[in-house]
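The primary structure of each chain is shown beneath.
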Amino acid sequence: MRSRAPLQDTRSFFNPGFIALNIYALALGYTKHEDAGLPLPLVYVGIPLCLHTTTRSVLPARASKRFHLWVQENQQILIGFGGRAAAMKRRVDSGIMFGCSAALIELTDSGKIISLKKPKGFSSKLLDGDPTDCFVASERLGQMLSKIPKTALVYYMLGVRP
């Protein structure tokens, strides 16, 4: 008989609160280089990249790596990415709403997401394994994405149409 634990762990990644924390980390990383905030469309490709175990495992150890070079070196991340991103849209929407209602993030009038405050009592050091890996990957990916001048270039590099 198969254990249900891995499936239940995977389902917890789709929890709006968990997604909101990853959006917070993505925006936090992005604003380390770009003060204006994370463009909303980048959330819809950033979160599926960070939550996908295989993709997360090949993210560079440092944010100094150029995004386009990383994509070229890891073409396997593109397989099925458009479908994964589309399937995550409603969950990402829920994460944005949860994050805004919990005052983790703010969606500005210009369509940018900014991280507001670190969740009280939250530390990724309290977690182990995949959740921590997701938060670290989200922040690192945010830093990588902040170096790309146009959001459309990210979509183009990933082979996704908005």
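Notes on the structure follow. (Residues numbered from 1 in each chain as written. Predicted model: local features only at pLDDT ≥ 70, side-chain atom pairs only at ≥ 80, totals over all residues. Heavy atoms only, no water.)

### Thoughts on the nonpolar core
In summary, soluble globular proteins display a tendency toward joint burial of nonpolar side chains. The test is simple: Residue types Ala, Val, Leu, Ile, Met, Phe, Trp, Tyr and Cys, when buried and joined through side-chain atoms within 4.5 Å, form a set referred to as a nonpolar core. The buried label goes to any residue with under 20% of its type's maximum accessible area, the exposed label to any with over 50%, and the partly exposed label to all in between, with areas taken from a 1.4 Å probe on protein chains only. Secondary structure is summarised from DSSP: a helix means a run of H or I of at least four residues, a strand means a run of E of at least two, and numbering begins at the N terminus for each. It only takes one pair of heavy atoms within 4.5 Å for two residues to be counted as in contact.
The biggest cluster of nonpolar side chains holds 43 residues, and the ones touching the most others in it are Ile-23, Ile-47, Phe-67 and Leu-158. Counting residues per element, the ones that place at least two in this core are α2 (16-30), α3 (40-51), α5 (67-73), α6 (81-101), α7 (130-145) and α8 (151-158). In terms of residues, this core owes the most to one element, α2, which gives nine residues. For Ile-23, the residues in contact, after removing those within four places along its chain, are Val-43, Ile-47, Val-92, Gly-95, Ile-96, Ile-105 and Ile-113.

### Some words on the packing of α3 against α7
How we decide: Axes, fitted as lines to C-alpha atoms, cover a helix only where it is in contact. Angles between the N-to-C directions of the axes lie from 0 to 180 degrees. For classification purposes, an angle smaller than 35 degrees is called roughly parallel, one larger than 145 roughly antiparallel, one from 65 to 115 roughly perpendicular, and anything else oblique. Crossing handedness follows the turn of the near helix against the far one: under a right angle anticlockwise gives a left-handed crossing, and clockwise gives a right-handed one. Side-chain classes are defined by residue name, with Ala, Val, Leu, Ile, Met, Phe, Trp, Tyr, Cys and Pro counting as nonpolar, Asp, Glu, Lys and Arg as charged, and the others, Gly among them, as polar.
One way to put it is that α3 packs onto α7 with a least axis distance of 9 Å and a crossing angle of 140°. When the axes of α3 and α7 are compared, the pair comes out oblique. Judged by the twist between their axes, the crossing of α3 over α7 is right-handed. Counted together, Leu-42, Gly-46, Leu-49, Cys-50 and Leu-51 of α3 and Cys-134, Ala-137, Ser-138, Leu-141 and Leu-145 of α7 form the full contact between these two elements. Across the contact of α3 with α7, the residue classes tally to eight nonpolar, two polar and no charged.

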